[in-house]
Amino acid sequence: MARDEWFFRIKTATRALVKMVGTNEDAGIIAGFAKSQMHRFTDPTDPALIPLSGAMKLEAECGIPCITEVMAAQCGNHLVRSDGSTPPKCMVTAFGKLSDEFADVAARVGEAIEDGNISPNDHAAICDELNQLIQRANQMQGTSGRLRAVDELRRSA
């Protein structure tokens, strides 16, 4: 039975999610499946695909919609975040944005310690900047995962 390209793209996206959380065992704990089942979900020779419930749990854990992106692309769509932004298409862009966020955190800390007293408002502002940095780092991780999945797809073709 010949399989369509979408099948292999879902397998590759599943493999990328598993790698982001660690091992098949780690992914199985998160998704609610045995390690052997997770192996089947990532094995391109096995017809089993990860159920949506498991895919959604892994995507939530990573913060990266790898499988959802594959499903959207299959229908000719692409994902856009609720704030209207789209994920970077390359590592250089992702790294540049991450570096900008880190610079914002460093500037905020510098402003806070300038007078030698870090106020509760300073702490709140630093936490806000750190949250933005974390979001950007997750976005960069997603870009890396997507590019790795594309690379694995090319190698298996």
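Scroll up a little and you will see the structure.
The structure displayed is predicted, hence computed values, not measured ones.

Caption draft 1: Looking closely at the overall build of the chain. Scanning the chain for helices and strands turns up 7 helices and 0 strands. Each helix and strand of the chain, placed in order from N terminus to C terminus, yields the pattern α-α-α-α-α-α-α. Across the 157 residues of the chain, 34% fall into the buried class. Put simply, 67% of the contacts in the chain that link residues at least 6 apart link residues at least 24 apart.

Caption draft 2: How the structure looks around the environment of Ile 30. With respect to the element layout, Ile 30 can be found in helix H2 (residues 24-31). By relative accessible area, which is 25% here, Ile 30 ends up partly exposed. With 28 residues separating them along the chain, Ile 30 and Leu 58 place their C-alpha atoms 6.6 Å apart. With near-sequence residues (within four places) excluded, Ile 30 lies in contact with Val 21, Lys 57, Leu 58 and Glu 61.

Caption draft 3: Just a nonpolar patch on the surface, in detail. A cluster of nonpolar residues, Leu 52, Met 56 and Met 71, forms a patch on the protein surface that exposes about 310 Å² of accessible area. Among the structural elements, Leu 52 can be located in helix H4 (residues 52-62).

Caption draft 4: Just the packing of helix H1 (residues 5-21) against helix H3 (residues 35-42), in detail. Remark: H1 packs on H3, axes separated minimally by 8 Å, with the N-to-C direction vectors making an angle of 135°. Considering the angle they form, H1 stands oblique to H3. Listed contacts from H3 to Lys 11, Thr 14, Arg 15 and Val 18 of H1 are Met 38, Arg 40, Phe 41 and Thr 42. Across the contact of H1 with H3, the residue classes tally to 3 nonpolar, 2 polar and 3 charged.

Definitions and cut-offs
Throughout this description, residue numbers start from 1 for each chain and increase along the sequence as written. A pLDDT threshold of at least 70 governs which residues receive local features in this predicted model, and a stricter bar of 80 or more applies before side-chain atom pairs are shown or counted, although totals over entire chains, interfaces and linings include all residues. With hydrogens and water stripped out, all remaining heavy atoms of the structure feed into the side-chain values. Helix numbering and strand numbering both begin at the N terminus, where a helix is a DSSP run of H or I of at least 4 residues and a strand a DSSP run of E of at least 2. The cut-offs for exposure are 20% and 50% of the maximum accessible area for each residue type, with area from a 1.4 Å probe on protein chains only; residues under the lower value are buried, those over the upper are exposed, and the others partly exposed. Any pair of residues with heavy atoms lying within 4.5 Å of one another is described as a contacting pair. Within this analysis, patches are made of residues with over 30% relative accessible area and no salt bridge. Like charges are joined at 9 Å or less; nonpolar side chains (Val, Leu, Ile, Met, Phe, Trp, Tyr) at 5 Å or less. Computed by Shrake-Rupley with a 1.4 Å probe, the accessible areas treat only the displayed protein chains as cover when residues are assessed. Salt bridges are defined by distance alone: a side-chain nitrogen of Lys or Arg within 4 Å of a carboxyl oxygen of Asp or Glu. Throughout, an axis means a line fitted to C-alpha atoms (over the contacting stretch in the case of helices), and angles, computed between N-to-C directions, take values from 0 to 180 degrees. Here the angle decides the label: under 35 degrees means roughly parallel, over 145 means roughly antiparallel, 65 to 115 means roughly perpendicular, and every other value means oblique. When residues are grouped by polarity, Ala, Val, Leu, Ile, Met, Phe, Trp, Tyr, Cys and Pro land in nonpolar, Asp, Glu, Lys and Arg in charged, and all others, Gly among them, in polar.

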